Amino acid sequence: MKSYDVVVCGGGHAGVEASLISLKLGCKTALITMNKRAIGRMSCNPAIGGLSKGQIVKEMDILGGMMGVATDFSAIQFKILNQSKGKSVWSPRAQVDKRIYESFVLNNIVASNLEVIEGEVVNIIHKNENIKGVVLRDGSKIKAKSVILTCGTFLNGLIHIGQRKIRAGRMGESAADGITESLVKMGFKSGRLKTGTPPRINKNSIDWNSAKKVYGDKIAIPFSYRTKNFEPANHPCHSIYTTSELKKIIEDNLNLSPMFSGDVNGVGPRYCPSIEDKIFKFKHHEKHNLFLEPEWKNSDQIYLNGFSTSLPEKIQLKALRSIPVLKKVEFLRPGYAIEYDFFMPAQLKSTLESKKINNLYFAGQINGTSGYEEAAAQGLIAGINAANKTKNKKPLILKRDQAYIGVMIDDLITKDTLEPYRMFTSRAEYRILLRFSNCHNRLNEISKKLGLLSSDEFKTIDLIIKTLSKMRASLNTKTSLEKINNILKSKDDKTTDQTIPLSLLLKRPKINIEDLEVITKAKDVVPSKIKHITRELMIETEAQIKYEGYIKRQIEHVKKMKKQEHVKIPSDFNFKDMSSISNESKEKLDFIKPENLGQAMRISGIKPSDISILSVYLLKR
């Protein structure tokens, strides 16, 4: 019987990150997947990043993840989203070539000498609440000190296209049977969720002349600090709108959608709704924006972003042909909904280890999340923690003020997962501290302690941090009153009669760092080795200065709140013995079993008065 330190079940984004980081940390690791050729496959949209998701990818990069590197290698355009708002919520996104992305991931798996086993895990082996290994479909057993489950949408996956149903994990790939049943027998609570994907349409059936071209940013910012030869492409996507006729067609056929007919039990994602949901919930909108995104460079297959649907194929086609740009459209594959099992993530610790079975970890959509980025980040954290526990080292637990990854995991283990969880900047109460441009400052020391990057990679990050200090120092200088007022006049801003430091001038809302570049020459302090991230350095320098007061205020608030995080709750604490709180609170606390008072405070439905009583009980104990 083969034996490993860490066994990862599932070859999606979570599984890839978990297995590669475990291997990097010196563990004998195996990745088990049903199809070796599907490792790292982008089963939905051909893009990485987005609102808050971009921050997650940048955080992963500092922590040794490979998603950012793969994105930089395969991207066809880069864009910073939310630029009309404050810099604290700016988020990077890249359109990627799926074929190149997937081959890059696979090549890295091969180059790492990671052992990949083609097979299907159907059962979990455990003894005395300790993980022992897994059983494959063919009956073979594999021993493991730690097991990480990253099964995506494959657990009892069921595809819906109108009334047509296909048992699959995604189109063209078999569902996984057995794991859910095995875990339920062990006492885990499962649920059912739904997600969807839009049609893939034939490029040659589109009237491209009537679609609006949408390019990325002229000055691109890479995702990874490890990317050296950054030569970004900027190929266009295209934007179109639905029609009132399309709206009518869908309204007339809502009863044929499995979601509306009651045929689907799983709850769908609120923030990535199907076109049926959009038409039904936003009746006052006559049209909706859609994007035509190439799945790879020169691809005949176009991803129709914004038109996720589970309507019958004929209705999908009829509706889309009501749009002038798509009046002759042909499908390469219709849109569909997929229903799958997940496990309530409140059954996990902050490390993503199960509270029931030691050394059993869950990561990705099995925890009720949606999105490549959320899944990959969980895989990375689970992989680090499984490896560290195997080697008797301290776990990595990211706090809410340290990373979006920390916000996501804390949300998952303390809040009800009633729908697929998607990360947003609005979920992070300390988002001013969690900028995409300061991931190195936030996570560099943590990464160094755990040895997640090479010494050369850490030298590059140290250089970036030093350069930021120099760039900020260049703004502490004063210049002539005439030059200051010339800048203010050019921005239609009120002039001044005092000579002030440029950093103070930059705090004015209408002034940005580029306006001061003529005087400061801030770009000149950037070494050639990191010249390709100059724009990011300028964004971060400006953010530090403009938000200085807010940043200090949030840091003070974090210090106050940390007192609750330090009050630990013993794992054997009996919440049912607390006579003074409601039965509902007892049930929630008993199910979630928070690890500290801070987590208990964040559980949905727990009243402040219940927390006060709990703190008294803990003090007595």
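Keep in mind the model is a prediction, meaning the values are calculated, not measured. (Residues numbered from 1 in each chain as written. Predicted model: local features only at pLDDT ≥ 70, side-chain atom pairs only at ≥ 80, totals over all residues. Heavy atoms only, no water.)

Considerations on the sheet that holds strand β12 (residues 190-197)
The 4 strands lie next to each other as β11-β10-β19-β12, forming an open sheet whose pairing is antiparallel. Single-partner strands in this sheet number two, and they are β11 (164-167) and β12. Looking at each pair of strands side by side, their axes are set apart by 25° on average, direction ignored. Sheet topology places strand β10 (residues 158-161) next to β11; 4 bridges connect them, and they run antiparallel. Its bridge partner lying in β11, L158 is registered against R167. (Pairing = 2+ DSSP bridges. Helix = DSSP H or I, 4+ residues; strand = E, 2+ residues; numbered from the N terminus. Axes fitted to C-alpha atoms, helices over the stretch in contact; angles between N-to-C directions.)

Structural notes on the layout of surface pockets
There is about 870 Å³ of room inside the second largest pocket. Surrounding the second largest pocket, 39 residues form its lining, S350, P594, E595, N596 and Q599 being those nearest its centre. For the lining of the second largest pocket, the secondary structure elements donating two or more residues are α11 (404-414), α18 (548-565), α19 (583-592) and α20 (597-601). Within the lining of the second largest pocket, the residues separate by chemical class into 14 nonpolar, 9 polar and 16 charged. (1 Å grid on protein atoms, 1.4 Å probe; cavity = no way out; pocket = protein on both sides within 12 Å on 5 of 7 lines; lining within 4 Å. Points joined across faces, edges and corners; volume = space filled by probe spheres on them. Nonpolar A, V, L, I, M, F, W, Y, C, P; charged D, E, K, R; others polar.)

Comments concerning helix α13 (residues 455-473)
Since the α-helix packs 3.6 residues into each turn, any two residues three or four apart lie on the same face. For α13, built from 19 residues, the straight-helix expectation of 27 Å at 1.5 Å per residue is met to within 8% by its first-to-last C-alpha distance of 27 Å. Here α13 has its buried residues at F458, T460, I461, I464, T467, L468 and M471. Close packing links the buried residues of α13 with α2 (53-62), α12 (439-450) and α17 (534-546). (Expected span 1.5 Å × (residues − 1). Buried < 20%, exposed > 50% of the residue type's maximum accessible area, 1.4 Å probe, protein only. Contact = heavy atoms within 4.5 Å.)

With respect to the packing of aromatic side chains
Tallied over the full model, the rule gives 6 aromatic pairs. Aromatic side chains F78 and F230 sit 5.2 Å apart centroid to centroid with 75° between the ring planes, which places their arrangement in the edge-to-face category. With F78 in strand β4 (residues 75-81) and F230 in the loop between β14 (212-214) and β15 (237-241), this residue pair connects regions lying 152 residues apart in the sequence. Each member of the pair, F78 as well as F230, is classed as buried. Pairing F188 with F362 gives two aromatic rings, centres 5.4 Å apart and planes at 45°, and the pair type is tilted. Here F362 lies in strand β20 (residues 360-362) and F188 lies in the loop between α5 (179-185) and β12, a separation of 174 residues in the sequence. Grouping residues by exposure puts F188 and F362 together as buried. Through pairs of rings, three or more aromatic residues link up here, namely F188, F343 and F362. Over the ring of Y4 we find K28; its NZ or CZ atom is 5.1 Å from the centre of that ring. In this arrangement the basic side chain of R99 is found over the ring face of W296, its NZ or CZ atom lying 3.9 Å from the centre. (Phe/Tyr/Trp six-rings, centres within 6.5 Å; stacked < 30°, edge-to-face > 60°. Lys NZ or Arg CZ within 6 Å of the ring centre and 35° of its normal.)

Describing the pattern of salt bridges
One pass over the structure, following the stated rule, counts 39 salt bridges. A salt bridge links K491 to D515; its shortest N-O distance comes to 3.4 Å. With K491 in the loop between α14 (481-490) and α15 (502-506) and D515 in helix α16 (residues 513-520), this pair connects stretches of sequence that are 24 residues apart. Connected through shared salt-bridge partners, R400, D410, D411, K415, E429 and R602 make up one network. (Salt bridge = Lys/Arg side-chain N within 4 Å of Asp/Glu carboxyl O.)

Concerning the pairing of strand β9 (residues 141-149)
For strand β1 (residues 2-9) and β9, the ladder comprises 7 bridges, and the chain directions are parallel. Following the sheet pairing, C9 is matched in β9 by L149. In this structure, strand β8 (residues 130-136) lies alongside β9, joined through 3 bridges in antiparallel fashion. Following the sheet pairing, V135 is matched in β9 by K141. Hairpin connection between β8 and β9: a loop of 4 residues separates the two successive antiparallel strands, and G139 in this loop has a positive phi of roughly 95°.

Looking at the sheet that holds strand β17 (residues 301-305)
Strand order across the open sheet formed by 6 strands is β14-β15-β16-β17-β13-β18, with antiparallel pairing between neighbours. What marks the edges here is a single partner per strand, and that holds for β14 and β18 (331-333). Averaged over all neighbouring strand pairs, the angle between strand axes comes to 35°, with direction disregarded. Relative to strand β16 (residues 289-294), β15 runs antiparallel, the two being bridged by 4 bridges. Residue pairing in the sheet places Y241 in a bridge with N289 of β16.

Regarding the side chain of R226
For R226, the location among the structural elements is in the loop between β14 and β15. One polar contact links R226 to D61, side chain to side chain, over a distance of 3.0 Å. Reaching out from R226, the side chain makes a polar contact with the backbone oxygen of G65 at a distance of 2.3 Å. Setting aside residues up to four positions removed in sequence, R226 forms contacts with K24, D61, G64, G65, V69, L453 and E457. (Polar contact = N/O pair within 3.5 Å; in protein donor to acceptor, adjacent residues only side chain to side chain.)

Considering the state of the cysteines
Counted by the stated rule, this structure contains 0 disulfides. The thiol of C237 is not disulfide-bonded; the next cysteine sulfur, from C44, is found 14 Å away. (Disulfide = S-S within 2.5 Å.)

Describing unusual backbone geometry
Even without being a glycine, N113 presents a positive backbone phi close to 65°. Relative to the helices and strands, N113 is located in the loop between α4 (98-111) and β6 (115-118). Even without being glycine, N298 reaches a positive phi, approximately 60°. Tracing the backbone shows N298 in the loop between β16 and β17. A relative accessible area of 68% places N298 in the exposed class.

Comments concerning the nonpolar core
Formed by 121 residues in total, the largest nonpolar core has its most connected members in V7, L149, L183, L360 and I405. Here the element with the most residues in this core is helix α10 (residues 372-390); it accounts for 10 residues. Every residue in contact with L183, bar those within four places of it in the chain, is listed here: I124, L149, F188, F343, L360 and F362. Membership of the second largest hydrophobic core comes to 25 residues, among which are I250, I279, I315 and F331. (Core = buried A, V, L, I, M, F, W, Y, C linked by side-chain atoms within 4.5 Å.)

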